[in-house]
Amino acid sequence: MVKHDTADVIAVQLFTGELYQLVDGILEPWGNSDVKECVPFTEMRVVQFADEFVIVGRTAMNHLYMDTRLWSYDCTSFSVTRTHLIVTSHTHTLRCISLNQPSRVARTTEGIVDTGIRSVERGSKLVVAELCGSRVVLQMPRGNLEVIHPRPLLLTHLSELINDNQYNTVFEEMRKHRVNMNFVYDYHPEQFLVFFPDILPSLQSSHIELFVTELSDEDTTLNMYSFIDSISVGPKAKVSVVCTRLLEVCQECENSGVQWLNIMVSCYVKMNDIPKGLLCVKDLCSQYEKEAEAALKYMLILTDDDTLFNHALGIILSRDFTRAYSRKTSARCRLSSRLFRSQLSDHFKNVLIIKSGLMVNRQILIYKQVLPDLFHNF
């Protein structure tokens, strides 16, 4: 006799294998039908699917049944959480079957998504699965215990945390388990954009930087994590929308120039607007030199130094800033090289002379003032 964890549903199996439901002290046929005959179970649980309650039982021959239907020939152990049925097999796999689907689907192999199957060590058996979390405890043949976080359970747990606006925990868990950061937005885009100004101060800047770095216009709930249904569909230009919103929120925060500098720089680089990112760093060079240098180093991680140096020459008209940048890269060594001179010539080829050679472009004159040691070799 077993009872469902939360509902008042009690299932009884006799020694002969018949299945009954105990209602007000009276045994009634399970499922309000004729008496269901089955092989006697050594382990049995009452599981609630989307449409009905089902008895899941394992026999001494390691056969797994759902009511009277044989579901698996090689089940070594099983456990039930609030959202999934977890099964291990002789083929050294762990399977996760969602309970948010009709029982008729779960009774077939269609109830198992590809991402719900993972390999485990030979002979591993389930000890317990966290009812409302993602942790699953396995016992190895040699006796030691190991904890794993199957992807379907983990993503379901993260989606529940997002629904409760616990974004700080969500970012921490996603980083710990290497979940694609796009999921935090793709699952509920509207909520993310609305509540982000309130949650930004409580988040670690490193989490937001990682989120911006991994941003892409691809919807992870449609391919990578297709077994999780998103609440709403976000805009197609996700990178532009999210980065623009992040920049607005960061600029509204107090002392945003220093505290959220790396986040702002990441957003500009992600939107391919490197000049504005460099301008953000330049504005802080005089007051916060160490922070500005750290931001330059961070930009070198996000993009190559050739691109940044070209923008630093062409847009950031500050001798101190350009020299500070060249100290952080190998660009200073390239200033006198033949390759750099040819690149610089190509860069100025179309802007050297205006109006039939009568007017020299003022950009060259400005560059000579900014970097005098660059031009003494020309």
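Residues numbered from 1 in each chain as written. Predicted model: local features only at pLDDT ≥ 70, side-chain atom pairs only at ≥ 80, totals over all residues. Heavy atoms only, no water.

> Can you tell me about the overall build of the protein, naming the residues and giving the values?
Check the secondary structure of the protein and you find 17 helices and 17 strands. Burial status across the protein gives 46% buried among its 378 residues. For the protein, the share of sequence-separated contacts (at least 6 apart) that also reach a separation of at least 24 residues comes to 52%. When the accessible surface of the protein is split by element, carbon and sulfur atoms take 50% of a total near 19800 Å². (Helix = DSSP H or I, 4+ residues; strand = E, 2+ residues; numbered from the N terminus. Buried < 20%, exposed > 50% of the residue type's maximum accessible area, 1.4 Å probe, protein only. Contact = heavy atoms within 4.5 Å. Areas by Shrake-Rupley, 256 points an atom, 1.4 Å probe, with all protein chains shown as cover.)

> Outline empty space enclosed by the protein, supporting the account with residue identities and numerical values.
In this approach, a probe sized like a water molecule rolls over the atoms, and the result shows the empty space that is left. Applying the stated criterion across every chain yields a total of two cavities of 30 Å³ or more. Volume-wise, the largest cavity comes out at about 60 Å³. Every residue lining the largest cavity is listed: T81, R82, T83, E130, L131, C132, G133, L153, T156, H157 and E160. Its residues assigned to classes, the lining of the largest cavity comprises three nonpolar, five polar and three charged. (1 Å grid on protein atoms, 1.4 Å probe; cavity = no way out; pocket = protein on both sides within 12 Å on 5 of 7 lines; lining within 4 Å. Points joined across faces, edges and corners; volume = space filled by probe spheres on them. Nonpolar A, V, L, I, M, F, W, Y, C, P; charged D, E, K, R; others polar.)

> So what about the pairing of strand β13 (residues 125-129)? Which residues, and what values?
In terms of strand pairing, β13 meets strand β14 (residues 136-139) through four bridges, oriented antiparallel. In the strand pairing of β14, A129 is matched with V136. The hairpin turn running from β13 into β14, its antiparallel successor, is six residues long. (Pairing = 2+ DSSP bridges.)

> Describe the sheet that holds strand β1 (residues 2-3), naming the residues involved and giving the relevant values.
Read from one edge of the open sheet, four strands run β1-β2-β3-β4, paired in antiparallel fashion. Each edge of the open sheet is held by one strand with a lone partner, namely β1 and β4 (26-29). Bridging between strand β3 (residues 19-23) and β4 involves four bridges; their strand directions are antiparallel. Opposite Q21, over in β4, you have E28 as the bridge partner.

> For the pattern of salt bridges, give the residues involved together with the corresponding values.
Scanning all chains against the criterion turns up eight salt bridges. Between E130 and R135 there is a salt bridge, with its nearest N and O atoms 3.1 Å apart. Of the charged contacts in the structure, one is a salt bridge between K276 and D273, with a shortest N-O distance of 3.8 Å. Here K276 falls in the partly exposed class, since its relative accessible area comes to 46%. (Salt bridge = Lys/Arg side-chain N within 4 Å of Asp/Glu carboxyl O.)

> Which residues make up the sheet that holds strand β8 (residues 69-72), and what are the values?
As summarised here, the arrangement of the four strands in space is β5-β6-β7-β8, forming an open sheet in which the pairing is antiparallel. Bordering the open sheet on either side are β5 (43-48) and β8, each of which pairs with just one other strand. Strand-to-strand twist of the sheet, defined as the mean angle between neighbouring strand axes without regard to direction, takes the value 30°. Bridge count between β5 and strand β6 (residues 53-58): six bridges; the pairing is antiparallel. Along β6, the bridge assignment pairs V46 with I55. (Axes fitted to C-alpha atoms, helices over the stretch in contact; angles between N-to-C directions.)

> Provide a residue-level description of the environment of E214, including the pertinent values.
Within the secondary structure, E214 is located in helix α6 (residues 205-214). Residues E214 and N180, spaced 34 residues apart in sequence, show a C-alpha to C-alpha distance of 7.3 Å. Apart from the residues within four sequence positions on either side, E214 is in contact with V179, N180, M181, N182 and K270.

> Let's hear about the side chain of R58: which residues, and what values?
Looking at where R58 falls in the secondary structure, it is placed in strand β6. Overall, R58 belongs to the buried group, its relative accessible area being 16%. Aside from chain neighbours lying at most four places away, what touches R58 is F41, T42, E43, H63, L64, C75, T76, S77 and F78.

> Give a detailed account of the confidence of the model for the protein, specifying residues and quantitative values.
Mean pLDDT over the protein stands at 78; residues scoring 70 or higher make up 76%. Put simply, strand β16 (residues 353-354) is where the protein has its lowest mean pLDDT, 30, and β14 is where it has its highest, 95. Here residues 331-378 scores under 50 on pLDDT; set against residues more than four positions off or in separate chains, the count is 49 contacts. (pLDDT = per-residue confidence, 0-100.)

> Can you tell me about the state of the cysteines, naming the residues and giving the values?
Evaluated as defined, the whole model comprises zero disulfides. Between C243, a free cysteine, and C267, which holds the nearest cysteine sulfur, the sulfur-to-sulfur gap is 4.3 Å. Residue classification places C267 among the buried residues on the basis of a relative accessible area of 0%. (Disulfide = S-S within 2.5 Å.)

> Please give an account of the pairing of β14 that cites residues and values.
Taken together, the four bridges between β14 and strand β15 (residues 145-148) define a ladder with antiparallel strand orientation. Each bridged residue has a counterpart across the sheet, and for V137 the counterpart in β15 is V147. The turn joining β14 and β15, which pair antiparallel and follow one another in sequence, is formed by five residues; a positive phi near 105° is taken by G143.

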